[in-house]
Amino acid sequence: QVQLVESGGGLVQAGGSLRLACAADGNLFGMNTMGWYRQAPGKQRELVALITNGGRINYADFVKGRFTISRSNQAVYLQMNALKPEDTAVYYCNAEIWGALYWGRGTQVTVPS
């Protein structure tokens, strides 16, 4: 079993910063890609950033230059700077292990207009 637990969400004013963390626990043998996705009300879940076991990183265009994903041991982080109201969403941690996908429960990020 794999458990992913996100933390660090909250309410921040436009232009502010938050740092999200995701702690992974369980059978992590074979873990490859970890990433962050987000879903706003009425919208589909979308990729924010991902990082492979080898350190390759992909960012969605709308966060390039503002967000930074990093990985350490059993955790993945997302440093979020210059936040915009459009960033308001539930942010989910994701991990791929032997081709299977695992998800955290999500953490709310709110940036008022």
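Our structure is the block above this text.
The text that follows walks through the structure, step by step, so that each part is easy to find.

Scoring rules and cut-offs
- Residues numbered from 1 in each chain as written.
- Predicted model: local features only at pLDDT ≥ 70, side-chain atom pairs only at ≥ 80, totals over all residues.
- Heavy atoms only, no water.
- Helix = DSSP H or I, 4+ residues; strand = E, 2+ residues; numbered from the N terminus.
- Polar contact = N/O pair within 3.5 Å; in protein donor to acceptor, adjacent residues only side chain to side chain.
- Contact = heavy atoms within 4.5 Å.
- Phe/Tyr/Trp six-rings, centres within 6.5 Å; stacked < 30°, edge-to-face > 60°.
- Buried < 20%, exposed > 50% of the residue type's maximum accessible area, 1.4 Å probe, protein only.
- Lys NZ or Arg CZ within 6 Å of the ring centre and 35° of its normal.

Here Arg 66 is to be found in the loop between strand S6 (57-59) and strand S7 (67-72). A distance of 2.9 Å separates the side chain of Arg 66 from the backbone oxygen of Ala 82, its partner in a polar contact. Arg 66 has contacts with Gln 79, Met 80, Asn 81, Ala 82, Leu 83, Lys 84 and Asp 87, leaving out every residue within four places of it along the chain.

Turning our eyes to something else, we now look at unusual backbone geometry. Glycine aside, a negative phi is what most residues show, and trans is what most peptide bonds show. Non-glycine residue Asn 73 carries a positive phi angle of around 55 degrees. With respect to the secondary-structure elements, Asn 73 resides in the loop between S7 and strand S8 (75-80).

Moving on, we come to the packing of aromatic side chains. Applying the stated criterion across every chain, the model contains two aromatic pairs. Measuring from ring centre to ring centre gives 5.9 Å for Phe 29 and Trp 98, while their planes differ by 35 degrees; the resulting arrangement is tilted. Of this pair, Phe 29 sits in the loop between strand S3 (18-26) and strand S4 (31-39) while Trp 98 sits in the loop between strand S9 (89-97) and strand S10 (100-103); the two residues are 69 residues apart in sequence, bridging distant segments of the chain. Relative accessible area serves as the criterion here: at 63%, Phe 29 is assigned to the exposed category. When the centroid spacing of 5.0 Å and the interplanar angle of 70 degrees are considered together, the rings of Tyr 37 and Trp 103 count as edge-to-face. A residue pair is termed long-range when its members are at least 10 positions apart, and Tyr 37 in strand S4 and Trp 103 in strand S10 qualify at 66 residues. Under the relative-accessibility criterion, Tyr 37 is labelled partly exposed at 21%. Between the NZ or CZ atom of Arg 45 and the centre of the ring of Trp 103, over which it lies, the distance is 4.7 Å.

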